[in-house]
Amino acid sequence: GYMRILSGSFCDFWSGRCINVHPSLLPKHAGGMDLAVHQAVIDAGETESGCTIHEVTEEVDGGPIVIQKVVKVESGETAESLKAKIQPLEGKAFVEAIEKVCGKEVISYADAGVDIEAGNELVEIIKPACKDTRRPGCDADLGGFGGLFDLAAAGYDSANTVLIGATDGVGTKLRIAQATNNHKYVGIDLVAMCVNDLIVAGGEPLFFLDYYATGRLAVEEAASVVRGIAEGCKQAGCGLIGGETAEMPSMYAPGDYDLAGFSVGAVDRNSILPSNVGAGDVLLGLTSSGIHSNGFSLVRKLLEKEGMGYESPCPWDSSAATIGDSLLTPTKIYVKSCLPLIKNKLLNGMAHITGGGLLENLPRVLPKGVVAEITGHPALPAVFKWMQETSGLDDKEMLKTFNCGIGMVLVVKSDKVEEAKTLLQTVGETAFDLGVLVSGEGAQVVMKRCLS
């Protein structure tokens, strides 16, 4: 438009001091006007558009770019809807451009690498997934400064209730998710690592919060992670009542992110586990779904040693499309299989088999003078057999590194074993007769049979 009004001599005289706005991200879609430009953007299949403030020269829309503002082009966008998103940004862009040209450059949060609008967009995308985790005690609404939970509404007498807190992460399993661009399961891992720790105290998980930190917020990637967290919360029966998304360009490389989870549960003060654990008790083992979320630094090292990538065919599971697909199998959540046993007072203790394996986690629920004799550990599942053969680790080191196929151990009085097994079967859980507790000193876990 301006070249119909301004002469070449005018542009030369005011060179560097005359600016114009164009409703696209120049140099793309130069030359057009108003809705025609927006329609050209849509027709070209662009995923982003915006406005450009540029210096006026005799070349139409060809002067040096001063500043640009960006918006996302949504599916089903029209020229009119795109204009409605971009036009309000033009005035702000002019103000910033004028200050910049006058030597008063404005450096925004976005210029520093933090996109507040992307964060707001993420919140809107994940709200429905969070809402699906509603349970008695919370409505799982996002947007407040803190999440609320009503113990009374959840059926707890506050005078006799003890709260349990747990926090954890996913570890270097995240590296596999990032390398394969498959982010939909690590959120389940995050929830599992927290709530499985809660239930060993005899408590019911009530609510969950997450922390997602990244160098540059990729909205759909982050949304996929949070949807996984919401799915994990549904499996655990707890509400996703809040979280934090931190965009920190100087802390994380492009494409990297880290996760932390925080869960709170409740237990009657007279039902806290472990309780009355002693010689003669029986150990039942519940199967794991795979490696879960521990030992992945070693896993990645072994793949490197064998010259394999995450896209390679899986040597231990022919049903998995790739090694990456198999390794990203989410951690099993034991809440709904174990809570009925807890409520029926069938358990005296539980051990979540995570980092440190069976040898270091089971002693955490055993009193002094009590030893676990493991007489019925199942044979190694294929993934762990491959890890042992490739690494050369002996049974002891395997049992200190991986869960080796048992993700949760239950301590049950001998006269309640059959009732416990029956309840587990009703929820589709198979329990192995792992061993028994005996009186003794020294090492608190004694293997009576080889893993092979």
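Everything numeric in this text was worked out from a predicted model, so none of it was measured. (Residues numbered from 1 in each chain as written. Predicted model: local features only at pLDDT ≥ 70, side-chain atom pairs only at ≥ 80, totals over all residues. Heavy atoms only, no water.)

(A) Main features of the sheet that holds strand 11 (residues 406-412). Strand order in the open sheet made by the 6 strands is 9-11-8-12-10-13, with mixed pairing throughout. The open sheet has two edge strands with one neighbour each: strand 9 (349-352) and strand 13 (445-447). The average undirected angle you get between the axes of adjacent strands in this sheet is 25°. Bridging between strand 8 (residues 282-287) and strand 12 (residues 431-439) involves 5 bridges; their strand directions are antiparallel. Residue pairing in the sheet places Val-282 in a bridge with Val-436 of strand 12. On top of the sheet, helix 6 (residues 186-199) reaches strand 9 and strand 11; it is set at about 160° to strand 9, its chief contact. (Pairing = 2+ DSSP bridges. Helix = DSSP H or I, 4+ residues; strand = E, 2+ residues; numbered from the N terminus. Axes fitted to C-alpha atoms, helices over the stretch in contact; angles between N-to-C directions. Contact = heavy atoms within 4.5 Å.)

(B) Region of interest: the packing of aromatic side chains. If you walk through the whole model with that rule in mind, you get 6 aromatic pairs. Judged by centre distance (5.3 Å) and plane angle (80°), the rings of Phe-13 and Trp-14 are edge-to-face. A relative accessible area of 34% means that Trp-14 is categorised as partly exposed. The rings of Phe-10, Phe-13 and Trp-14 are connected pair by pair, giving a single aromatic cluster. Of note, Arg-17 hangs over the ring of Phe-13, and the distance from its end group to the ring centre comes to 5.8 Å. (Phe/Tyr/Trp six-rings, centres within 6.5 Å; stacked < 30°, edge-to-face > 60°. Buried < 20%, exposed > 50% of the residue type's maximum accessible area, 1.4 Å probe, protein only. Lys NZ or Arg CZ within 6 Å of the ring centre and 35° of its normal.)

(C) Geometry of the nonpolar core. If you look at the biggest cluster of nonpolar residues, it comprises 95 residues, and the most contacted ones within it are Leu-327, Met-350, Leu-362, Met-387 and Leu-410. Among the elements that line this core, the one with the most residues is helix 7 (residues 219-236), at 9 residues. Residues Val-41, Leu-82, Ile-86 and Ala-93 belong to the second largest nonpolar core, which totals 12 residues. (Core = buried A, V, L, I, M, F, W, Y, C linked by side-chain atoms within 4.5 Å.)

(D) Geometry of the sheet that holds strand 1 (residues 19-22). Read from one edge to the other, the open sheet built from 3 strands follows the order 1-2-3, with strand pairing classed as antiparallel. Since the sheet does not close on itself, it has two edges, and those belong to strand 1 and strand 3 (65-72), each with one partner. Direction aside, neighbouring strands of the sheet carry axes that sit 15° apart on average. Here strand 2 (residues 48-55) pairs with strand 3 via 7 bridges, running antiparallel. Residue pairing for strand 3: Ser-49 is matched across the bridge by Val-71.

(E) Here's a closer look at the environment of Phe-13. Summarising the element assignment, Phe-13 is placed in helix 1 (residues 8-13). When the C-alpha positions of Phe-13 and Ala-222 are compared, they lie 50 Å apart, and in sequence the two are 209 residues distant.

(F) Helix 4 (residues 116-131), seen in detail. Look at helix 4: 23 Å from first C-alpha to last across 16 residues, which is about the 22 Å you get at 1.5 Å a residue. Of all the bends found along helix 4, the most pronounced is centred on Ile-125 and spans about 35°, while Pro-128, a proline, follows it within four residues. Every buried residue belonging to helix 4 is among Ala-118, Gly-119, Leu-122, Ile-126, Ala-129 and Cys-130, and all of these are buried. Of the surrounding elements, those touching the buried residues of helix 4 are helix 7 and strand 6 (239-247). For helix 4, the capping residue at the N-terminal end is Asp-115, with a side-chain oxygen 3.1 Å from the backbone nitrogen of Glu-117. (Expected span 1.5 Å × (residues − 1). Bend = angle between axes of the 7 residues up to and from the residue. Polar contact = N/O pair within 3.5 Å; in protein donor to acceptor, adjacent residues only side chain to side chain.)

(G) View of the side chain of Asn-403. Note that Asn-403 resides in the loop between helix 13 (395-401) and strand 11. Here Asn-403 falls in the buried class, since its relative accessible area comes to 4%. Within the local environment of Asn-403, its side chain forms a polar contact with the backbone oxygen of Gly-290, the two atoms lying 3.0 Å apart. Once residues within four sequence positions are removed from consideration, Asn-403 is found in contact with Ser-288, Gly-290, Ile-291, His-292, Ile-353 and Phe-384.

(H) Structural view of the packing of helix 8 (residues 296-305) against helix 12 (residues 382-391). Close contact between helix 8 and helix 12 brings their axes to 10 Å; oriented N to C, the two are set at 60°. When the interaxial angle is binned, helix 8 and helix 12 end up oblique. Crossing geometry of helix 8 relative to helix 12 is assigned as left-handed. Taken together, the residues of helix 12 that come into contact with helix 8 (itself represented by Val-299, Leu-302, Leu-303 and Lys-305) are Trp-386, Met-387, Thr-390 and Ser-391. (Parallel < 35°, antiparallel > 145°, perpendicular 65-115°, else oblique. Left-handed = near helix turned anticlockwise from the far one by under 90°.)

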